[in-house]
Amino acid sequence: MDCRDVKTIALDRLAGEADEASRRELSAHLAGCENCRREMGRLEDLWTVLGTDPDATVTPEFRERSLELIEEEFLRRRVREFRPRTRSVRPFLQAAAMLAAGAVGYLIARGLPSSSTASPTPVAGSAPRAIATPSAGVARASNTGSVVLDLASSPRFSNVSYRPADPDGRVGIEFDVTTRQTVVGRPEEPEVARLLAYLLSRNAETAGEKSRAIALVSEHYGTGSATASPEIVAALSATLRKDPNPGVRKKAADALASFAITPEIRTVFLAALVSDKNPAVRLVAVDALAAAAKQSPDAATIASLREKAVDPQENGFVRAKAASALKAISF
Amino acid sequence: MESKGSDDLELLERIRRGDTGGAGELFERYAPALLRFTDRMLSDRASAEEVTQEVFVKVISRAHQYDGRAGVASWLFAIAANACRDRRRRDRRAMVVPLEAVAEPRARGEGIESTIASRQRRQAVRQALSELSDEQREALVLARYHGMPYAEIADTLGISVGAVKTRIFRAVETLKAHFSEGESWTAAT
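Numbering of residues starts from 1 in each chain and follows the order in which that chain's sequence is written. Chain A is the first chain written and ligand 1 is the first ligand written, with later ones labelled in order. Per-residue local features of the predicted model are confined to residues with pLDDT of at least 70, and side-chain atom pairs are confined, for both listing and counting, to 80 or more; whole-chain, interface and lining totals are unaffected and use all residues. To obtain the side-chain values, all non-hydrogen atoms of the structure were included, while hydrogens and water were left out.

### Remarks on the packing of aromatic side chains
Aromatic contacts are taken between Phe, Tyr and Trp rings whose centres are within 6.5 Å, Trp giving its six-membered ring; a plane angle under 30 degrees counts as stacked, one over 60 as edge-to-face, and the others as tilted. This structure, assessed with the given rule, holds 4 aromatic pairs over all chains. Between the aromatic rings of B:Phe37 and B:Phe77, the centroid separation amounts to 5.5 Å while the plane-to-plane angle is 85 degrees, which identifies the pairing as edge-to-face. Taken as a pair, B:Phe37 in helix α2 (residues 20-42) and B:Phe77 in helix α4 (residues 72-90) lie far apart in primary sequence, 40 residues in all. Burial classes: relative accessible area under 20% of the type maximum marks a residue as buried, over 50% as exposed, and values in between as partly exposed (1.4 Å probe, protein chains only). Residue classification places B:Phe37 among the buried positions, given a relative accessible area of 0%. Its relative accessible area of 0% is what places B:Phe77 among the buried residues. Among the aromatic residues, ring-to-ring pairing joins A:Phe62, B:Phe27 and B:Phe56 into one connected group. By the criterion adopted, a ring carries a charge over it if an Arg CZ or a Lys NZ lies within 6 Å of its centre and within 35 degrees of its normal. Its guanidinium or amino end placed over the ring of B:Tyr145, B:Arg40 lies 3.5 Å from that ring's centre, counting from NZ or CZ. Secondary structure counts use DSSP, requiring at least four H or I residues in a row for a helix and at least two E residues in a row for a strand, with both numbered from the N terminus.

Listed below in structure tokens is the structure:
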């Protein structure tokens, strides 16, 4: 070994790269060369000095900030992935959205008892029927098959009360018109559904009355897979859109969320997410839309959730909910 | 450098699939080493943290580009090295950061005297390291502080093993000259 090779091999040794043969050769050379021993000593000292430099450590704050940043980056990427609309595609999408909105409106209108007004108008099915007026003072319990209701004249029901479902799934609705009436039947039966929709949309005047009507619907349909009657969906949708009481709107949203989400319900929730002033209602909308999007992701839902997730003006809980909802959706 | 090859690949695959947890695990595994590297490359704690975070953000966007030619660790350090070079180029004029101002968190229970001594050592070594070129410093830091084999350093920096040895050799020569001219070696120890 030449003295000129010593530095290189010495460095290899310090870096753990020298093989056994090189180390032996180096040792043999150092044993007989004073200058190289001094040089080796200097290199070892330098290597040691470098090692005294303390390592930077990951602090809990840095770790927390970084993990948040990572989460945000994933979110941003999801948002970007859903922003590939080019200008040429946008008009077609807008046209498609308008067509879809028209179709939804048509379907809702068909499902309503009457399409003449925005609010569901109570109608008694295909044939005009009169509310049975039993003998005064007698409360009549009957199957809806035998109850004949005429809601077209917008009768005013008072003292409305509800009985929860019996073992056969039939709920009871009691009210006073001229006498005490009791209607018993399954909520999905057309007459009962119309009556419930009527009570909710037209008859109930106070928040309490509306809430009780909604509660009955929620209790019955609370499975998450039931398909509600168009009348009930329309009544709840109208309540969610228009009711001035946020508590009632929230209950209506909860009830709608408990149904199997149809395109109509999705449209109502999308509108609520954008325009409802109450964050609790918007949170329900986020949950419902996210649950529906998990089953079948749609661009409008993803776009709305994305906007909410990054909207600095939005309530923090809603923003976070929208962000985590997006994460749960695989698109 | 400890190899966790298959685990690392699994984490990258999870990141490709959009799994935040995968990126979190990768952070836990590599952030300490990357922070040590960026801290020594930039001599500024705040910048080092930023660049380390930048590495993980880049990993998320580039996970699908990883081709497996180098180990995941080498790939991460390569991203970090490039990010440090970019940062130094950008902040060239502002890079003179008084080392006293570098906010290295004090270890719990560490006394004042040992803190001062530690800071002095750090100051002396960082001052010496700052005299190296970026290329020399990268190679030396990876060899000395990360125990990375020459071949892995070569993969990381995209150079030959011979070039790695040359850079380390020159770095050591520069440091020896620094310590023999200015402060004594013992001042640093």
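Don't stop here, the text continues.
### Things to note about the pattern of salt bridges
Think of a salt bridge as a Lys or Arg side-chain nitrogen and an Asp or Glu carboxyl oxygen that are within 4 Å of each other. Scanning the entire structure with this criterion turns up 37 salt bridges over all chains. A salt bridge links B:Asp8 to B:Arg29; the shortest N-O distance between them is 2.7 Å. Within this pair, whereas B:Asp8 is found in helix α1 (residues 5-16), its partner B:Arg29 is found in helix α2, the two being separated by 21 residues in sequence. Residue classification places B:Asp8 among the buried residues on the basis of a relative accessible area of 2%. Three or more residues are tied together by salt bridges with common partners; here these are A:Asp53, A:Asp55, B:Arg36, B:Asp39, B:Arg40 and B:Arg126.

### Topic: the interface of chain B and chain A
Every contact between the two is made by 47 residues of chain B and, on the other side, 36 residues of chain A. Buried area is a sum: the accessible area each of two parts loses on coming together, probed at 1.4 Å, counted once for each and added. Of the roughly 4000 Å² buried between chain B and chain A on both sides combined, carbon and sulfur atoms contribute 67%. Summed over the shared surface of chain B and chain A, the number is 9 salt bridges. A salt bridge links B:Glu28 to A:Arg63; the nearest nitrogen and oxygen atoms lie 2.5 Å apart. Within 3.5 Å is the distance limit for a polar contact, defined as a pair of N or O atoms, with the added protein rule that one can donate a hydrogen and the other accept it, and that residues adjacent in sequence qualify only through two side-chain atoms. Our count for the chain B to chain A interface comes out at 14 residue pairs in polar contact (both at pLDDT 80 or more). For the side of chain B that touches chain A, the secondary structure elements donating two or more residues are α2, α3 (45-62), α5 (112-129), α6 (134-144), α8 (161-181) and α9 (185-188) of chain B. Each residue gets one of three labels, nonpolar for Ala, Val, Leu, Ile, Met, Phe, Trp, Tyr, Cys and Pro, charged for Asp, Glu, Lys and Arg, and polar for the others, Gly among them. Per-class residue counts for the side of chain B that touches chain A are 23 nonpolar, 9 polar and 15 charged. We call two residues in contact whenever any of their non-hydrogen atoms come within 4.5 Å of each other.

### Comments concerning the nonpolar core
What tends to happen in soluble globular proteins is that the nonpolar side chains get buried as a cluster. Counting 72 residues, the largest nonpolar core has B:Ile15, B:Val59, B:Leu76, B:Leu140 and B:Ile168 as its most contacted members. Among the elements that take part in this core, α2(B) stands out by supplying 11 residues, more than any other. Throughout, the edges of the domains are those of an automatic or database domain assignment. If you count residues domain by domain, this core takes at least three from each of domain 1 (1-101) and domain 2 (103-189) of chain B. The contacts of B:Leu140, once residues within four sequence positions are left out, are A:Trp47, A:Leu50, B:Leu129, B:Leu132, B:Tyr145, B:Ile168, B:Ala171, B:Val172 and B:Leu175. Among buried residues, those of type Ala, Val, Leu, Ile, Met, Phe, Trp, Tyr and Cys that are joined through side-chain atoms within 4.5 Å constitute a nonpolar core.

### Remarks on the packing of α2(B) against α6(B)
Residues and elements named next belong to chain B. Direction vectors running N to C along α2 and α6 enclose 145 degrees, while the axes themselves pass 10 Å from each other. Where α2 crosses over α6, the two elements pack in a sense that is right-handed. Residue-level inspection shows Phe37, Arg40 and Met41 of α2 in contact with α6, the latter providing Asp134, Arg137, Glu138, Val141 and Leu142. The class makeup of the residues in the contact of α2 with α6 is 4 nonpolar, no polar and 4 charged. For helices, the fitted line uses only the C-alpha atoms of the stretch in contact; every axis is such a line through C-alpha atoms, and the angle between N-to-C directions lies from 0 to 180 degrees. Left-handed describes a crossing whose near helix is turned anticlockwise from the far helix through less than a right angle; right-handed describes the clockwise counterpart.

### With respect to the confidence of the model for chain B
Residues and elements named next belong to chain B. Taken over all residues, the pLDDT of chain B has a mean of 82, while the share at 70 or more is 77%. Known as pLDDT, the predictor's per-residue confidence is scaled from 0 to 100. Below pLDDT 50 for its whole length, residues 95-109 participates in 24 contacts with residues either more than four positions away or in separate chains. Two numbers describe this predicted complex: its pTM, 0.50, and its ipTM, 0.82.

### Regarding the packing of α2(B) against α3(B)
Residues and elements named next belong to chain B. Packing of α2 against α3 leaves a shortest axis separation of 8 Å and a crossing angle of 140 degrees. Compared by their axis directions, α2 and α3 come out oblique. The two elements α2 and α3 cross, and the hand of that crossing is right-handed. Between α2, through Ala23, Leu26, Phe27, Tyr30, Ala31, Leu34, Leu35, Thr38, Asp39 and Leu42, and α3, the contact on the second element is made entirely by Arg45, Ser47, Ala48, Glu49, Val51, Thr52, Val55, Phe56, Val59 and Ile60. Its residues placed into classes, the contact of α2 with α3 shows 14 nonpolar, 3 polar and 3 charged. Throughout this description, any angle smaller than 35 degrees is read as roughly parallel, any larger than 145 degrees as roughly antiparallel, any in the 65 to 115 degree range as roughly perpendicular, and the remainder as oblique.

### Considerations on unusual backbone geometry
Phi at B:Ser43 takes a positive value of approximately 55 degrees, unusual for a residue other than glycine. Checked against the element boundaries, B:Ser43 lands in the loop between α2 and α3.

### Section: the pairing of strand β3 (residues 171-176) of chain A
The side chains of a regular strand alternate between the sheet's two faces. All names here are of chain A. Most of β3 sits out of view: 6 of its 6 residues are buried. The side-chain alternation of β3 yields two buried faces, one formed by Val171, Ile173 and Phe175 and the other by Gly172, Glu174 and Asp176. Both strand β2 (residues 158-163) and β3 contribute to a ladder of 4 bridges, which runs antiparallel. When the bridges of β3 are listed, arginine 163 appears paired with glycine 172. Pairing between strands is defined by DSSP: at least two bridges between them are needed.

### Regarding helix α13 (residues 316-328) of chain A
All names here are of chain A. Taking 1.5 Å of rise per residue, 13 residues should cover 18 Å, and α13 covers 18 Å from first to last C-alpha, within 8% of that figure. The set of residues buried in α13 consists of Val318, Ala322, Ala323, Ala325 and Leu326. Buried residues of α13 fall within an arc of 160 degrees about the axis and therefore sit on the same side. By the N-cap criterion, in which a side-chain oxygen at the helix start approaches the backbone nitrogen of a residue two or three places on, α13 is capped by asparagine 315, the distance to phenylalanine 317 being 2.8 Å. Here a helix's expected span is defined as the number of its residues, less one, multiplied by 1.5 Å. Read the arc as the range of directions from the helix axis to the C-beta atoms.

### Topic: the confidence of the model for chain A
With 79% of its residues at a pLDDT of 70 or more, chain A has an overall mean of 76. In the model, residues 113-147 of chain A has pLDDT below 50 throughout and makes 79 contacts with residues more than four positions away in sequence or in other chains.

### Description of α6(B)
The buried fraction of α6(B) amounts to 9 of the 11 residues, a majority that puts the element mostly inside the structure. The complete set of buried residues in α6(B) reads B:Asp134, B:Gln136, B:Arg137, B:Glu138, B:Ala139, B:Leu140, B:Val141, B:Leu142 and B:Ala143.

### Here we look at the environment of A:Ala255
Residues and elements named next belong to chain A. In this fold, alanine 255 is placed in helix α9 (residues 246-257). Taking relative accessible area as the criterion, alanine 255 reaches 0% and is therefore assigned buried. Residues alanine 255 and serine 237, spaced 18 residues apart in sequence, show a C-alpha to C-alpha distance of 9.8 Å. Discounting chain neighbours no more than four positions away, the residues touching alanine 255 are Ile214, Ser218 and Leu236.

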